[in-house]
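Close look at the chain arrangement
This is what each chain is made of:
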Amino acid sequence: MISELQVGVITQTHGIRGEVKVFPTTDDANRFKKLKEVILDNGKERFNMNIEGVKFFKKYAILKFKGYDSINDIEKYKGAKLLVTRDNAVKLKKDEYFVADLIGLKVVTDEGQDLGVLKNVLETGANDVYVVEMADEKEVLLPAIKECVLNIDIENAVITVHVMDGLM
């Protein structure tokens, strides 16, 4: 299980006082208001940053980090991922999962047939869609609805599905 979860990506600076525009990769951008710190990962280095201020502009969160008071201090972190530890992650309800925990799980049918591996989860608005890569490298798209996704077993890394008529 992945120990850290991505909550956003720094897209650009905002003004000259060290603020950054963050594109949220979390379902609820308002969660930034409750966060005290994030882990910045730019591919070369990783370190904790304390959040000093949060505001919102269109679809972005505008963050101000403690100790970064000018555009020059923060500019080099454009494109960096912002992560949180599991204990700072949002609490999930019953039958909710982090996408990061689902990717890579083996997918089997309710008839015991190996279907493939979950490669991606597409958010469509109505319901998520699971992208399963089969052994022949073809993909099958499965709606993440009760009639189709029967069981998710994170511990054993298996998703059991019912392949509805017409999906193959």
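Rules used throughout
Residue positions within a chain follow its written sequence, with the count starting from 1. Residues qualify for local features only when their pLDDT is at least 70, as the model is predicted, and side-chain atom pairs are given and counted only at 80 or more; totals for whole chains, interfaces and linings, by contrast, use all residues. Water and hydrogen atoms play no part in the side-chain values, which are based on all heavy atoms of the structure. Salt bridge, as used here: a side-chain nitrogen of Lys or Arg that lies within 4 Å of a carboxyl oxygen of Asp or Glu. Each helix is a run of H or I in the DSSP string that is no shorter than four residues. Each strand is a run of E no shorter than two, and both are numbered from the N terminus. Relative accessibility under 20% of the residue-type maximum defines a buried residue, over 50% an exposed one, and the middle range a partly exposed one, all with a 1.4 Å probe and only protein chains included. In this scheme, patches are assembled from residues that exceed 30% relative accessible area and form no salt bridge. Like charges are connected within 9 Å, while nonpolar side chains (Val, Leu, Ile, Met, Phe, Trp, Tyr) are connected within 5 Å. Surface exposure here means Shrake-Rupley accessible area, sampled with a 1.4 Å probe, where a residue is shielded only by the protein chains that are shown. The charge count includes Lys and Arg as positive and Asp and Glu as negative, but it does not include His or the ends of the chains. The atom standing in for a charge is NZ when the residue is Lys, CZ when it is Arg, CG when it is Asp and CD when it is Glu. Each pair of strands is called paired provided DSSP finds at least two bridges between the two strands. Working convention: axes come from line fits to C-alpha atoms, limited for helices to the stretch in contact. Angles between N-to-C directions cover 0 to 180 degrees.

**Here we look at the pattern of salt bridges**
In the structure shown here, the tally under the stated rule is eight salt bridges. Ionic pairing is found between Arg46 and Glu4, a salt bridge with its closest N-O pair at 2.2 Å. Of the two residues, Arg46 is situated in strand β4 (residues 46-57) and Glu4 in strand β1 (residues 4-14); the sequence distance between them amounts to 42 residues. The exposure class of Glu4 is partly exposed, given its relative accessible area of 22%. In this structure, Asp69 engages Lys64 in a salt bridge whose closest nitrogen and oxygen atoms are separated by 2.8 Å. A residue is classified by how much of its surface remains accessible, and Lys64, at 11% relative accessible area, is buried.

**What to know about a negative patch on the surface**
A surface patch of like charges, here negative, comprises Asp27, Asp28, Glu96, Glu123 and Asp128. Of note, Glu123 is situated in strand β8 (residues 114-123).

**What about the sheet that holds strand β12 (residues 158-161)?**
With respect to topology, six strands assemble into an open sheet ordered β10-β9-β8-β7-β12-β11, the strand pairing being mixed. Strand pairing shows two members of the sheet lacking a second neighbour, β10 (139-143) and β11 (149-153), which therefore form its edges. Taken over all neighbouring pairs, the strand axes of this sheet differ in orientation by 35° on average, direction set aside. Judged from the four bridges that link them, β11 and β12 form a sheet pairing that is antiparallel. Its bridge partner lying in β12, Ile152 is registered against Ile159.

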